[in-house]
Amino acid sequence: MTAQPRRVEHLQTDKGNVPVYTTAVVEQPWAGYSSDDHATWAALFERQREVLVSRACREFIDNQQRFGMTPHAIPKFDELNRVLKAGTGWELIGVEGLLPELTFFDHLANRRFPVTWWIRRPDQIDYISEPDLFHDLFGHVPLLLNPMFADYMQAYGAGGVKAHGLGAEALVNLTRLYWYTVEFGLIRQDDGLRIYGSGIVSSKGESIHCLESAAPNRIGFDLHRIMRTRYRIDTYQKTYFVIDSFEQLMRATEPDFTPYYAELAAQPSIPAGSVLEGDKVYQHGTGEGWLQDGDV
Ligand code: PHE
Ligand code: CO
């Protein structure tokens, strides 16, 4: 048994918000959740389930059902793990907050998905600057039951370990891929564009914005283009990339990226809101309401 896990959040310093990293793997202190914690889970769960009807992709909705998550209480990692291990061999592990990159990649490469044990406070219902239990469980876990996506996540982890050894620039390129797929990806399905990105499904505002707002660009998936594209961490995305299928994502990312990183190093990065010649444009955004600077 581990000691009571810590709740590791960013620190407010004279340099602004600074992320804090932690490597501990912890037991979920389920009996320690307060009634506020369970109520936060319930409020977010019910709100998002409603928002995501005909917005989230069918794989997300179907797999979330299979876990049997309910609004009544924060799920127990052990119970989710029974379903997950039998389904795709993935396992959830409890963590205290953000992990250093290499630690994170190593977990993914071994089919372990780190889940923050603590949930946001009631005053953070609409926005929190770092992943909490709601984002990690509600947002990421459903698609880990999809065999193709499960393999993609593991391959991403292995690719991350490799990129880490190649240097900081390769990691920047690879991180953009994670951002624009796993976190903020859209998928084209028979009935229209749908959400699969975890950063979107765990946010009411962005779930509506990414599909219904005229402001953002919606552009067809292009691996090299994505790895050159900067992104926003503090506002809704200016651009969403649309895959046709999880198979397309898998196929495009199968090759060894080592030569890609070398090519990309010679090319300038692309601002988050640009549309380029050659882009497959589903929707050229109006850019309305965009802030000017701040792409990472
Ligand atoms: N094929 C990639 C590489 O060689 C690994 C990877 C797979 C990266 C899937 C991202 C997603 O680096
Ligand atoms: Co996430």
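Residues numbered from 1 in each chain as written. Chains lettered and ligands numbered in written order. Predicted model: local features only at pLDDT ≥ 70, side-chain atom pairs only at ≥ 80, totals over all residues. Heavy atoms only, no water.

(A) Here's a closer look at the side chain of threonine 88. If you trace the backbone, threonine 88 turns up in helix α3 (residues 77-88). A distance of 2.7 Å separates a polar side-chain atom of threonine 88 from the backbone oxygen of leucine 144. (Helix = DSSP H or I, 4+ residues; strand = E, 2+ residues; numbered from the N terminus. Polar contact = N/O pair within 3.5 Å; in protein donor to acceptor, adjacent residues only side chain to side chain.)

(B) View of unusual backbone geometry. A positive phi angle, near 55°, is found at serine 54, a position not held by glycine. A residue is classified by how much of its surface remains accessible, and serine 54, at 52% relative accessible area, is exposed. Positive phi outside glycine occurs at arginine 111, with the angle close to 60°. Mapped onto the elements, arginine 111 comes out in the loop between α4 (101-109) and β5 (112-116). By relative accessible area, arginine 111 is classed as buried at 16%. (Buried < 20%, exposed > 50% of the residue type's maximum accessible area, 1.4 Å probe, protein only.)

(C) Representation of the sheet that holds β5. Read across the open sheet, the 3 strands follow the order β3-β4-β5; overall the sheet is mixed. Two strands lie at the open edges of the sheet, namely β3 (25-26) and β5, each paired on one side alone. Pairing geometry for strand β4 (residues 91-95) and β5, over 5 bridges, is parallel. Paired with valine 95 across the two strands is threonine 116, which belongs to β5. Against the sheet, α4 contacts β3, β4 and β5, and its axis sits at roughly 130° relative to β5. (Pairing = 2+ DSSP bridges. Contact = heavy atoms within 4.5 Å. Axes fitted to C-alpha atoms, helices over the stretch in contact; angles between N-to-C directions.)

(D) View of the site of ligand 1. Inspection of the region around ligand 1 gives Tyr152, Ala155, Tyr156, Gly159, Lys162, Leu174, Leu177, Thr253, Glu254, Pro255, Asp256 and Phe257 as its neighbouring residues. In the environment of ligand 1, a nitrogen atom lies 2.7 Å from a nitrogen or oxygen atom belonging to the backbone of proline 255. Only α6 (147-166) and α7 (168-183) provide two or more residues apiece to the shell around ligand 1. Top contributing element to the shell around ligand 1 by residue count: α6, with 5 residues. A per-class count over the shell around ligand 1 returns 7 nonpolar, 2 polar and 3 charged. (Near = heavy atom within 4 Å. Nonpolar A, V, L, I, M, F, W, Y, C, P; charged D, E, K, R; others polar.)

(E) Up close: the packing of α6 against α7. Packing of α6 against α7 leaves a shortest axis separation of 8 Å and a crossing angle of 160°. Judged by the inter-axis angle, α6 sits roughly antiparallel to α7. In terms of crossing hand, the pair formed by α6 and α7 is left-handed. Where α6 abuts α7, its residues Phe149, Tyr152, Met153, Tyr156, Gly159, Gly160, Ala163, His164 and Leu166 lie against Ala170, Leu171, Leu174, Thr175, Leu177, Tyr178, Thr181 and Val182. Looking at the contact of α6 with α7 residue by residue, the class counts come to 12 nonpolar, 5 polar and no charged. (Parallel < 35°, antiparallel > 145°, perpendicular 65-115°, else oblique. Left-handed = near helix turned anticlockwise from the far one by under 90°.)

(F) Quick look at the sheet that holds strand β7 (residues 192-195). What the 5 strands build is an open sheet, ordered β7-β6-β9-β8-β10; its pairing is mixed. On the outer flanks of this sheet lie β7 and β10 (281-283), each paired with one strand and no other. Along the sheet, successive strands turn relative to each other by an average axial angle of 35°, direction set aside.

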